[in-house]
Amino acid sequence: MLLLGAAVGAEVLRDGLYGEPAPAQSVLYIRSGNFLKRASVSNASLLADTYWIRAVQYYGGTHRSKASIKSYDLLYPLLDIVTTLDPDFTIVYRFGAIFLAERYPDGPGRPDLSVALLQKGIRADPLKWRYEQDLGFIYYWYLHDYGRAAAAFERGANVPGAPWWMRSLAAVMFSTGGDRRTSRALWQQLRETADNEWLRNNAAWRLAQLDALDQIDQLETIVRTWAGRTGAPPDSWQTLVRAGWLRGEPLDPTGTPYVLDAGTGRVGVRADSRLFPLPVEPGA
Amino acid sequence: MRVIGTIAISVFKESVRDKVLYNLVLFAVLLIGASYLLGQLTAGQDMKIIKDLGLSATSIFGLFIAVFIGIGLVWKEVERRSIYSVLSKPITRVQFILGKYAGLVLTLAVNLAVMTVALYAVLGAMMLLGPPSLVLVLDAPPLDPRLLLAVALIFVQLALVTALALFFSTFSSPILSAVFTFGLYVVGQFNADLKQFDQVVNSSAAAWLARGLYYVLPNLAPFDIKALVVHGRPVSTGYVLLTAGYGVVYVTFVLVAAMLVFARRDFK
């Protein structure tokens with residue numbers, strides 16, 4: 001015990017004097033899911049779980065990293081391996097679809113890979129209407145392709161057991177394309193049908209962004225009205241508060257004050273708000 | 001029958017004395033540790049992963065027990081020369097082989113039973129103590145009784161591997177027996193490829209040989225229904241019964257072969 005204590009002490013001393021070793025870079029030595037499936041010798045599901053944990057850790061680690069440049073290069077290969085090892089692993093398709101499509105720095109910004117992953121899921125289980133729901137959502141929110149979104153919702157609606165609102169979504173896509181009410185309905189559906197906390201939190205975050213966009217619209221209306229009466233936008237929120245137009249400095253849903261551009265009269269979220277940057281809305 | 005039972009009980013007691021059942025402690029620690037850690041490491045699907053881990057560990061631990069004890073069953077008696085005193089008693093060689101086999105299968109059965117209870121206990125604890133979202137996202141209920149189907153086929157598969165290990169142990173050294181048994185285990189997972197060999201080669205003779213090997217070698221892949229059960233996919237009773245029946249017939253074939261080889265051995 002004494003010797004072990006001495007060894008630990010020596011290690012602590014070395015780390016203190018010369019610094020701790022740098023963490024290993026993420027490397028994916030084997031990229032073939034089919035090879036891994038054979039190598040697992042009837043334990044492919046367990047190996048899929050291992051790669052799934054790795055994919056979650058990889059995404060979470062990269063997302064939270066303070067590095068100036070974030071690389072999500074291994075996210076798709078990891079998810080591809082998991083879904084080859086265990087084609088019925090539903091959450092992987094749904095998780096992957098959303099987080100592959102997220103714009104940098106929240107994700108790699110690759111909705112094309114989201115589509116590829118979801119199509120793989122649909123091939124594996126054509127009766128899972130949720131894959132079509134997610135596919136429609138990716139086309140709608142990230143790719144702004146309302147025709148394909150409508151087609152995906154329509155296909156999903158035709159799957160036995162699909163909920164009635166899938167057909168409504170298809171109809172809305174065909175008729176109105178992108179608007180905020182549709183976006184809100186889609187994110188709400190996603191939050192309610194999410195398989196895990198990450199997806200639910202992400203949907204809640206998107207809904208808060210949509211609330212912020214609603215509030216920004218209202219604030220910009222006030223600013224425009226002020227500018228119409230005085231000839232120029234207000235120089236700060238305080239001007240509107242003093243004039244009794246606002247009760248106080250307006251806050252976004254996370255409690256961070258909105259930013260007012262006194263030159264243009266545009267309102268936005270502050271760069272340190274959790275809602276920044278706001279999404280480019282479908283139909284915008 | 002009594003003689004076979006006595007030998008079987010002595011094999012079971014010996015495995016208990018050799019601390020074989022200690023693997024159960026490792027299994028329990030693995031499951032309980034994983035059930036705690038998974039909550040921190042994954043984004044949901046904890047129950048699915050625990051089921052995969054429990055079933056795979058049951059299969060892997062059982063495989064090691066079947067092979068490493070199976071290969072020494074006969075060899076140890078010969079090496080210690082205790083075979084002379086055993087066979088000098090009113091015990092036939094057939095009874096000896098069957099008793100040894102039954103003893104190890106009993107050890108495996110006890111092992112699998114305890115592991116299954118532990119798996120259900122951990123799943124039950126997760127269901128009671130974990131957040132409700134753990135249960136909502138599952139393809140199959142947490143305490144799905146169909147897990148028993150997967151365990152039952154794992155048991156039959158292990159019984160077949162035990163028979164193979166015992167067969168090799170009747171004429172070969174433990175190292176060679178282990179190599180042969182593990183070799184057949186791996187081949188048995190992939191021998192479906194042999195059936196489609198005609199798509200790879202042009203020679204019809206080679207294709208027929210491969211097809212023959214497909215039927216002769218033990219086909220172990222069909223015993224694996226772990227993923228289907230965990231995902232709540234249908235597995236018909238007919239499939240389970242036919243696969244188990246195949247296992248029983250193959251075990252009988254291997255045991256008869258082991259008895260024939262052992263009967264011809266000269267211990268003088």
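Residue positions are given per chain, counted from 1 along the sequence in the order it is written. Following the order in which they are written, the chains are lettered starting with A and the ligands numbered starting with 1. Reporting in this predicted model follows two pLDDT cut-offs: at least 70 for local features of residues, and 80 or more for side-chain atom pairs to be given and counted; totals over whole chains, interfaces and linings ignore these cut-offs and use all residues. Side-chain numbers here rest on the full set of heavy atoms in the structure, without hydrogens or water.

Draft legend 1. How the structure looks around the overall build of chain B. Helix and strand content of chain B: 13 helices and zero strands. Helices (α) and strands (β) of chain B occur, in sequence order from the N terminus, as α-α-α-α-α-α-α-α-α-α-α-α-α. The principal-axis extents of the C-alpha atoms in chain B amount to approximately 65 × 55 × 30 Å. For chain B, buried positions account for 50% of its 268 residues. Should any heavy atoms of two residues lie within 4.5 Å, those residues are considered in contact. For chain B, the proportion of contacts with a sequence separation of at least 24, taken over those separated by at least 6, is 81%. The accessible surface values rely on the Shrake-Rupley method and a 1.4 Å probe; as for residues, cover is taken only from the protein chains in view. When the accessible surface of chain B is totalled, it reaches about 12,800 Å², and 72% of it is carbon and sulfur. Taken together, the 20 basic and 12 acidic charged side chains of chain B have centroids lying 11 Å from each other. Segments assigned H or I by DSSP are reported as helices when at least four residues long, segments assigned E as strands when at least two residues long, and all are numbered from the N terminus. A simple rule labels every residue: compare its accessible area, found with a 1.4 Å probe on the protein chains alone, to the largest value its type can have, and call it buried under 20%, exposed over 50%, or partly exposed in between. None of His or the chain ends enter the tally, which takes Lys and Arg as positive and Asp and Glu as negative. By convention, the point assigned to a charge is CZ for Arg, NZ for Lys, CD for Glu and CG for Asp.

Draft legend 2. Structural detail: the overall build of chain A. Across its full length, chain A holds twelve helices and two strands. The secondary structure elements of chain A, listed N-terminal to C-terminal, are α-α-α-α-α-α-α-α-α-α-α-α-β-β. Taking 19 Å as the expected radius of gyration for a compact globule of 284 residues, we find that chain A reaches 24 Å, considerably beyond that expectation. Structurally, chain A occupies a C-alpha span of about 75 × 60 × 25 Å along its principal axes. Restricting the calculation to C-alpha atoms gives the radius of gyration, and the globule rule supplies 2.2 Å times the number of residues raised to the power 0.38.

Draft legend 3. Quick peek at a nonpolar patch on the surface. Residues and elements named next belong to chain B. Only residues whose relative accessible area exceeds 30% and that form no salt bridge enter a patch; like-charged residues are grouped when within 9 Å of one another, and nonpolar side chains (Val, Leu, Ile, Met, Phe, Trp, Tyr) when within 5 Å. For salt bridges, the criterion is a side-chain nitrogen of Lys or Arg within 4 Å of an Asp or Glu carboxyl oxygen. Together, Phe171, Ile175, Leu176, Val179 and Phe180 line one region of the surface with nonpolar side chains, adding up to about 490 Å² of accessible area. Here phenylalanine 171 lies in the loop between helix 8 (147–169) and helix 9 (174–190). Judged by its relative accessible area of 41%, phenylalanine 171 falls in the partly exposed class.

Draft legend 4. Summary view of the interface of chain A and chain B. Tallying the contact residues gives 25 residues for chain A and 25 residues for chain B. Defined in terms of a 1.4 Å probe, buried area is the accessible area two parts forfeit on being brought together, summed over both. Of the roughly 2,000 Å² buried between chain A and chain B on both sides combined, carbon and sulfur atoms contribute 53%. Between the two partners, chain A and chain B, sit five salt bridges. Measuring nitrogen to oxygen at the nearest pair gives 2.6 Å for the salt bridge that ties Asp193(B) to Arg38(A). What qualifies as a polar contact is a pair of N or O atoms within 3.5 Å, subject to a donor-acceptor requirement within protein and to the restriction that residues adjacent in sequence count only when both atoms come from side chains. Applying the counting criterion to the chain A and chain B interface returns nine residue pairs in polar contact (both at pLDDT 80 or more). If you list the elements that add at least two residues to the side of chain A that touches chain B, you get helix 3 (44–64), helix 5 (90–101) and helix 11 (197–230) of chain A. Ranked by residues supplied to the side of chain A that touches chain B, first place goes to helix 3 of chain A with seven residues. Under the grouping applied here, Gly and all other residues not named as nonpolar or charged are polar, the nonpolar ones being Ala, Val, Leu, Ile, Met, Phe, Trp, Tyr, Cys and Pro and the charged ones Asp, Glu, Lys and Arg. Taken together, the residues of the side of chain A that touches chain B sort by class into ten nonpolar, six polar and nine charged.

Draft legend 5. Quick look at helix 8 of chain B. By definition here, a helix of n residues has an expected span of 1.5 Å times n minus one. With 23 residues, helix 8 of chain B should cover 33 Å at 1.5 Å per step; its first-to-last C-alpha distance of 33 Å lies within 8% of that length. Counting buried positions along helix 8 of chain B yields 19 of 23 residues, so the element is predominantly enclosed.

Draft legend 6. Quick peek at the packing of aromatic side chains. Centres within 6.5 Å make a pair out of two Phe, Tyr or Trp rings, where for Trp the six-membered ring is used; the pair is then stacked when the planes are under 30 degrees apart, edge-to-face when over 60, and tilted otherwise. Enumeration over the complete set of coordinates arrives at 27 aromatic pairs over all chains. When the centroid spacing of 4.8 Å and the interplanar angle of 75° are considered together, the rings of Tyr214(B) and Tyr215(B) count as edge-to-face. A relative accessible area of 13% places Tyr214(B) in the buried class. Three or more aromatic residues link up through ring pairs in this structure, and these residues are Trp52(A), Tyr59(A), Tyr72(A), Phe89(A), Phe95(A) and Phe99(A). The aromatic ring of Phe89(A) is capped on one face by Lys48(B), whose charged end is 3.8 Å from the ring centroid. A ring is considered to have a charge above it if a Lys NZ or an Arg CZ atom is located within 6 Å of its centre and within 35 degrees of its normal. The ring of Phe262(B) is capped by Arg93(B), whose NZ or CZ atom sits 5.7 Å from the centre of that ring.

Draft legend 7. Examining the environment of Asp266(B) more closely. You can see Asp266(B) is positioned in the segment after helix 13 (237–264). For Asp266(B) and Ser59(B), which are 207 residues apart along the polypeptide, the C-alpha to C-alpha distance reads 36 Å.

Draft legend 8. Structural view of the nonpolar core. Trp52(A), Leu79(A), Trp187(A), Trp237(A) and Ile50(B) are the most contacted members of the largest nonpolar core, which totals 162 residues. Here the element with the most residues in this core is helix 8 of chain B; it accounts for 16 residues. Nonpolar cores were defined as sets of buried Ala, Val, Leu, Ile, Met, Phe, Trp, Tyr and Cys residues, with membership established by side-chain atoms within 4.5 Å.

Draft legend 9. Geometry of the pattern of salt bridges. What the rule picks out here adds up to 25 salt bridges over all chains. Put simply, Arg14(A) and Asp15(A) hold a salt bridge, and the shortest N to O gap is 3.4 Å. For Arg14(A), a relative accessible area of 44% gives the class partly exposed. In this structure, Glu220(A) and Arg266(A) form a salt bridge, with 3.2 Å as the shortest nitrogen-oxygen distance. With a gap of 46 residues between them, Glu220(A) in helix 11 and Arg266(A) in the loop between strand 1 (258–260) and strand 2 (267–269) connect regions that are remote in the sequence. Here the residues in one salt-bridge network are Asp49(A), Asp86(A), Lys48(B) and Asp52(B), joined through shared partners.

Draft legend 10. Quick peek at the side chain of Ser15(B). Residue and element names in this part refer to chain B. Among the secondary structure elements, serine 15 is positioned in helix 1 (residues 2–17). The class of serine 15 is buried, set by a relative accessible area of 4%. Polar side-chain contacts of serine 15 include one of 2.6 Å to the backbone oxygen of phenylalanine 12. Once residues lying within four places of it in the same chain are set aside, the contact partners of serine 15 are Val20, Leu21, Ile69 and Thr107.

Draft legend 11. Highlighting the side chain of Glu220(A). Judged by its relative accessible area of 11%, Glu220(A) is buried. When sequence neighbours within four positions are dropped, the list of residues in contact with Glu220(A) reads Gly265(A), Arg266(A) and Val267(A).

Draft legend 12. Here's a closer look at the environment of Ser273(A). All names here are of chain A. Looking at where serine 273 falls in the secondary structure, it is placed in the segment after strand 2. Residues serine 273 and aspartate 252, spaced 21 residues apart in sequence, show a C-alpha to C-alpha distance of 8.3 Å. For serine 273, the contacting residues outside a window of four places in its chain are Asp252, Thr254 and Thr256.

Draft legend 13. Representation of the confidence of the model for chain B. Residues and elements named next belong to chain B. What pLDDT reports is the predictor's confidence in each residue, on a scale of 0 through 100. For chain B, per-residue confidence averages 88 on the pLDDT scale, and 96% of positions sit at 70 or higher. Of all helices and strands in chain B, the one with the weakest mean pLDDT is helix 7 (residues 133–136) (58), whereas helix 8 scores best (96). In the predicted complex, the global pTM is 0.80; the interface-specific ipTM is 0.87.

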